[in-house]
Amino acid sequence: MTIEQKRNLVTAIPGPNSIALQKRRMEVISAGVGTALPVFMDEAHGAILRDVDGNQFIDMGSGIGVVTIGHTNQRVVEAVQHQVAKLTHTLFTVAPYEPYVKVAEIITRHTPGTFKKKAAFFNSGAEAVENAVKVARKATGRTEIAVFDHAYHGRTNLTMSMNFKMHPYGTGFGPLAGSVHHAPMSYPFRDPEGMTGEEAAARAITYLEKRVGASQLAAVFIEPIQGEGGFIVPAKGFLRTLDQWCKANGIVMVADEVQSGIARTGKWFASEWEEGYEPDLITVAKGIAGGLPLSGIVGRAEIMDASHAGGLGGTFGGSPTAVAAGVAVLEQLEEGGWLERSLEIGEILTTRLIALQAQYPIIGEVRGKGAMQAIEFVEAGTMKPNSQAVEELVRHCHQNGVVILNAGTYNNVIRFLPPLAISDELLHDALDVLAAGLEKLAQ
Ligand code: PLZ
């Protein structure tokens, strides 16, 4: 199926059919499951979402970085349709099937590091992170885990304990998991001026050495570009310095690339932007299967093999349809062009966003890599987070047919992670809507 790649509103937002569905939803869906935009989507293609009233939205979020390859990418659709009619389930640990192996063969070629790698597959990002904790603990015989301020790793008990923000992810859901230690992140926009990546790493390392002890740590988990935290790009040298310290102390370095990976930043993995950084394990999910639920951990064979048979798995992890979609996505990435497109999108975004920053002093910083860009809002002339501007801009964009996402510890960031299938024209159209919203705010 294809949909004309055009923004088009035919009713007020939300339209009557969405309003009726929202009413039904409120009756039967848990209040704990929130909604950013109470518009029910019906179909999608490329970078356009069409709702149940026929309104067409430009998708600037890819369902939080999932449909990187575009909505209903033809080869993904065909691969899933073919697979679902052939074999939908055996459970890989009962009796295996080829596409699971194929996804591993491809992905192990593209994660950083020339060492021998192995993989294992699961359903969600949180599940991948949980399994990376298990694998690192088993391989090191240690228990403690380090994470960073502003981090996001998931919504399960262990991963919600690894998140920085207690609200909304943890409030009232405790007790939290133990043995998780939060260390200071490199956040160039908010760190003391001129603080280098090496200095920020020394700050984190000192903290961990005093609070935990290097010999107690099984793993350090870090998003090489933080996602929910607001697309925070650590200062150059931060990841490399931490990695060297991990390697010197027998600590497993885990890059959580659930949001930043799979061509999002103009490289296969955001870790590659940092010279000399070679994480031992990488967690992947979201963009790897074009919308099907698939996640995984990929990393050093000796670490991955330290777990005993039967220790890792799960009924649906790496199910035949999910891995078939994964193969279709990864093969297309290998064929080329996507990384370049991600960089081009990044160029368009940064050029336009920096121009807006010069015009509107509430834009404190424009940052990111490739098609993973964000703007952090402040109260003009200060460093005070401006979440109200973000709220109003997000509402303005939604009302005008652009699905845009907020982020940030202080809810003062707008993030852009469009499908790489987006055209220049649509991207400019979405940015025009945002610019109009900024102008409205300024008046
Ligand atoms: N690690 C780096 O970004 C998911 C969360 C959306 P799951 N981020 C989007 C929400 O509000 O629930 C994420 C991530 C990083 C892990 C995860 C968790 O991935 O597939 O949502 O479990």
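Residues numbered from 1 in each chain as written. Predicted model: local features only at pLDDT ≥ 70, side-chain atom pairs only at ≥ 80, totals over all residues. Heavy atoms only, no water.

A. Here's a closer look at the overall build of the protein. Looking only at helices and strands, one finds 13 helices and 15 strands in the protein. For a compact globule of 443 residues, the expected C-alpha radius of gyration is about 22 Å, and the protein comes in at 21 Å, within 12% of that figure. Along the first, second and third principal axes, the C-alpha set of the protein runs to 60 × 60 × 45 Å. Look at the contacts in the protein between residues 6 or more apart in sequence, and 74% of them connect residues 24 or more apart. Put simply, the protein shows about 18300 Å² of open surface, and 53% of that area lies on carbon and sulfur atoms. Side-chain charges of the protein comprise 38 positive and 47 negative groups, with the mean position of each set lying 4 Å from the other. (Helix = DSSP H or I, 4+ residues; strand = E, 2+ residues; numbered from the N terminus. Rg over C-alpha atoms; globule rule 2.2 N^0.38 Å. Contact = heavy atoms within 4.5 Å. Areas by Shrake-Rupley, 256 points an atom, 1.4 Å probe, with all protein chains shown as cover. Lys, Arg positive; Asp, Glu negative; His and termini not counted. Charge placed at Lys NZ, Arg CZ, Asp CG, Glu CD.)

B. Just the domain arrangement of the protein, in detail. Each assigned domain of the protein is listed here: domain 1 (16–72 + 338–442) and domain 2 (76–335). For domain 1 versus domain 2, the separation of C-alpha centres amounts to 25 Å. Taken together, the 39 residues of domain 1 in the interface contact 34 residues of domain 2. Where domain 1 abuts domain 2, roughly 3100 Å² becomes buried across the two surfaces, and 63% of that area is made up of carbon and sulfur atoms. A per-residue breakdown of the area domain 1 buries against domain 2 is headed by Lys369, Met372 and Thr409, which together make up 23% of the total. At the junction of domain 1 and domain 2, the tally comes to two salt bridges. Residue arginine 190 pairs with glutamate 376 through a salt bridge whose shortest N-O separation is 2.8 Å. The set of elements that each furnish at least two residues to the side of domain 1 that touches domain 2 consists of helix H2 (62–65), helix H11 (338–359), strand S11 (363–369), strand S12 (372–377) and strand S15 (413–416). It is S11 that contributes the most residues to the side of domain 1 that touches domain 2, five residues altogether. Of the residues belonging to the side of domain 1 that touches domain 2, the class tally is 21 nonpolar, 13 polar and five charged. (Domains from an automatic or database assignment. Buried area = accessible area lost by both parts, 1.4 Å probe. Salt bridge = Lys/Arg side-chain N within 4 Å of Asp/Glu carboxyl O. Nonpolar A, V, L, I, M, F, W, Y, C, P; charged D, E, K, R; others polar.)

C. Structural view of the side chain of glutamine 373. Within the element layout of this structure, glutamine 373 appears in strand S12. When residues no more than four places from it in sequence are discounted, the contact partners of glutamine 373 are Phe231, Gly346, Leu349, Thr350, Arg367, Gly368, Ile414, Arg415 and Phe416.

D. Looking closely at a nonpolar patch on the surface. Taken together, Val28, Ile29 and Val33 make up a surface patch of nonpolar side chains, about 280 Å² in accessible area. As for its position among the elements, isoleucine 29 is in the loop between helix H1 (16–28) and strand S1 (41–45). (Patch = residues over 30% accessible without salt bridge, like charges linked within 9 Å, V, L, I, M, F, W, Y side chains within 5 Å.)

E. Summary view of helix H10 (residues 320–335). For H10, built from 16 residues, the straight-helix expectation of 22 Å at 1.5 Å per residue is met to within 8% by its first-to-last C-alpha distance of 22 Å. At the exit of H10 stands glycine 336, carrying a positive phi of roughly 105 degrees. (Expected span 1.5 Å × (residues − 1).)

F. A look at the site of the ligand. Around the ligand there are 14 residues in total, and Gly125, Ala126, Arg155, Asp256 and Gln259 lie nearest to it. Note that a nitrogen atom of the ligand is positioned 3.4 Å from one of the side-chain N or O atoms of glutamate 228. Lysine 286 places a side-chain nitrogen or oxygen 3.0 Å from a nitrogen atom of the ligand. Relative to its unbound accessible surface of 510 Å², the ligand loses 81% to contact with the protein. Taken together, the residues of the shell around the ligand break down into four nonpolar, five polar and five charged. (Near = heavy atom within 4 Å. Polar contact = N/O pair within 3.5 Å; in protein donor to acceptor, adjacent residues only side chain to side chain.)

G. Region of the structure containing the packing of helix H12 (residues 387–399) against helix H13 (residues 424–442). Where H12 meets H13, the axes come as close as 9 Å, and the angle between the chain directions of the two elements is 130 degrees. Looking at the two axes, H12 sits oblique to H13. Of the two possible hands of crossing, H12 and H13 adopt the one that is right-handed. Taking contact as the criterion, the partners of Ala389, Glu392, Leu393, His396 and Cys397 in H12 are, on H13, Val433, Leu434, Ala436, Gly437, Leu438, Lys440 and Leu441. Counted by class, the contact of H12 with H13 contains eight nonpolar, two polar and two charged residues. (Axes fitted to C-alpha atoms, helices over the stretch in contact; angles between N-to-C directions. Parallel < 35°, antiparallel > 145°, perpendicular 65-115°, else oblique. Left-handed = near helix turned anticlockwise from the far one by under 90°.)

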